[in-house]
Every structure is written in structure tokens, then in C-alpha cells.
Amino acid sequence: AMLGFVGWEGSNGAHQVATADKGGAAFGTRGQVRRSVERERKRRNVPVLQYHGGAEYIDRPSETTIGRLREAVEQGAPLAIGHHPHLVKGVEVYRKALVAPSIGNFLFDQQHPRTHVTYAIRAILEKGRFLRAEFVPVGVIDYRPMPAVGAIRERVLRRLFGFSVERGPQLAM
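Because the structure is predicted, anything quoted here is derived from the model rather than measured.

## Describing the overall build of the chain
Okay, so step 1: Each helix and strand in the chain was counted, giving three helices and nine strands.
Okay, so step 2: Relative to its length of 173 residues, the chain is compact, with a C-alpha radius of gyration of 16 Å against a globular reference of 16 Å.
Okay, so step 3: Seen through its principal axes, the chain has C-alpha atoms that stretch 45 × 40 × 25 Å.
Okay, so step 4: Relative to its 173 residues, the chain shows a buried fraction of 43%.
Okay, so step 5: In the chain, 53% of the contacts between residues at least 6 apart in sequence involve partners at least 24 apart.
Okay, so step 6: Surface accessibility of the chain: about 9400 Å² in total, with carbon and sulfur atoms responsible for 53%.
Okay, so step 7: Of the side chains in the chain, 26 bear a positive and 16 a negative charge, and the two mean positions are spaced by 5 Å.

## Brief notes about the sheet that holds strand 9 (residues 144–147)
Okay, so step 1: As summarised here, the arrangement of the three strands in space is 7-8-9, forming an open sheet in which the pairing is antiparallel. For this open sheet the edge positions go to strand 7 (117–126) and strand 9, each flanked by a neighbour on one side alone. Adjacent strand axes in the sheet meet at a mean angle of 40 degrees, parallel and antiparallel pairs treated alike.
Okay, so step 2: Pairing of strand 7 with strand 8 (residues 129–141), which is carried by ten bridges, proceeds in the antiparallel orientation. Residue pairing across strands places Glu126 opposite Arg129, the latter belonging to strand 8.

## Thoughts on the pattern of salt bridges
Okay, so step 1: Overall, the coordinates contain eleven salt bridges when judged by the stated rule.
Okay, so step 2: Taking the shortest distance from any N to any O, the salt bridge between Arg43 and Glu40 comes out at 3.2 Å.
Okay, so step 3: Accessibility expressed as a relative area gives 6% for Glu40, which makes it buried.
Okay, so step 4: Here Arg167 ties to Glu92 by a salt bridge, and the two come within 3.8 Å at their closest N and O atoms. Note that Arg167 is positioned in helix 3 (residues 150–167) and Glu92 in strand 5 (residues 92–94), a separation of 75 residues in sequence.

## Some remarks on unusual backbone geometry
Okay, so step 1: One non-glycine residue with positive phi stands out, namely His86, at about 75 degrees.
Okay, so step 2: Positionally, His86 belongs in the loop between strand 4 (79–83) and strand 5.
Okay, so step 3: The buried category is assigned to His86, whose relative accessible area is 8%.
Okay, so step 4: Non-glycine residue Lys127 carries a positive phi angle of around 50 degrees.
Okay, so step 5: With respect to the helices, strands and loops of the structure, Lys127 is situated in the loop between strand 7 and strand 8.
Okay, so step 6: Take Lys127: its relative accessible area is 82%, and that puts it in the exposed class.

## Some words on the packing of aromatic side chains
Okay, so step 1: One pass over the structure, following the stated rule, counts one aromatic pair.
Okay, so step 2: Considering the side-chain rings of Tyr119 and Phe135, the 5.7 Å spacing of their centres and the 80 degrees angle between planes classify their relative orientation as edge-to-face. Placement of Tyr119 in strand 7 and of Phe135 in strand 8 is noted, with a sequence separation of 16 residues between them.
Okay, so step 3: Judged by its relative accessible area of 0%, Tyr119 is buried.
Okay, so step 4: Taking the relative accessible area as the measure of exposure, Phe135 reaches 17% and is therefore buried.
Okay, so step 5: In this arrangement the basic side chain of Arg70 is found over the ring face of Tyr94, its NZ or CZ atom lying 4.6 Å from the centre.

Conventions we followed
Residues numbered from 1 in each chain as written. Predicted model: local features only at pLDDT ≥ 70, side-chain atom pairs only at ≥ 80, totals over all residues. Heavy atoms only, no water. Helix = DSSP H or I, 4+ residues; strand = E, 2+ residues; numbered from the N terminus. Rg over C-alpha atoms; globule rule 2.2 N^0.38 Å. Buried < 20%, exposed > 50% of the residue type's maximum accessible area, 1.4 Å probe, protein only. Contact = heavy atoms within 4.5 Å. Areas by Shrake-Rupley, 256 points an atom, 1.4 Å probe, with all protein chains shown as cover. Lys, Arg positive; Asp, Glu negative; His and termini not counted. Charge placed at Lys NZ, Arg CZ, Asp CG, Glu CD. Pairing = 2+ DSSP bridges. Axes fitted to C-alpha atoms, helices over the stretch in contact; angles between N-to-C directions. Salt bridge = Lys/Arg side-chain N within 4 Å of Asp/Glu carboxyl O. Phe/Tyr/Trp six-rings, centres within 6.5 Å; stacked < 30°, edge-to-face > 60°. Lys NZ or Arg CZ within 6 Å of the ring centre and 35° of its normal.

Geometric descriptors of this kind do not, in isolation, establish any biological role.
Listed below in C-alpha cells is the structure:
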């Protein structure tokens, strides 16, 4: 079960939180995350959280973002993946699950060179449990994600590995 949330209520735009009067995204409060993950676990689904939130252009995730992602894990999600801050942040293994607060931009190009590096996650699960992950460096060039090579690959891995050390895991190539 792919569960998608946004981290703020926002305005009346369709890309913001859904209300009784308009479509939109689910508001990713800790309570809503908890209820959604619990519901899917009861249905015997494997819940994977996708969270669009967090402060833009900041190197480290906020406590709000970490709290919401960890809430999903605490309720049984083996993966909790964030995006929106436009920058690659470090990952952690929390309660034997993968928490990735920001994979970067991926399909969104900007003029800021720091936002041109991102990565994809190839997660290996068995019986709904996280076993391991592979991080695939990606560069965004002219709005096109491409496998990162050379200097771009090094930039992705340097950011990912460097900030992950702060969160605990020792990543290896």
C-alpha cells in the first residue's frame, strides 16, 4: 500500500490538502500517518510511506519530518521516504526500517546546482520487512533524470553518505 502525504495544509490549490469541498493530498500529521499505516497493516498490506514535506534547501531534516516518518515505521511501515526539500539528505535505519527524509528533486529541475543531484532507492523487502537498500545516483539535466556518472555521481554519493553517517548507518559502495 503506497501512502502519500503532504506536510502542510496550504491553500485552496488542488495540489494542497484535500477537504470536503476539493481534491488534494492527505495531510500527513502524525495521527493521520499512524491511522493510515495501522489500517493497511490490518488489511495485511505492506504500507510504504511517501511524504512530501520539510523545509526547502536545508541540509538536515526537521524534527517534524523525522517524527512523521518514524511514526510510520513505529506502526509497521518498512519504508518511509520523503521528498520536497530539493536536497539529498542522509538516511537511517530506524527500528529495522529505512527512513529517507529527502531523495532530492528527482523530476524537478531548478537553476540551483545543489538541486541537480538525487537518487532512486531500490529497496529489498521480504515478507513485508526491510532487508536492505541500494541507492542509485541520478542527475537531473534539462528536466530529465539520468543515471549519474562521474562528478555528478560523486556529488550524490558524497551528500548521501556524508549526511547518513550523522543518522547512524555506514553506507558502502
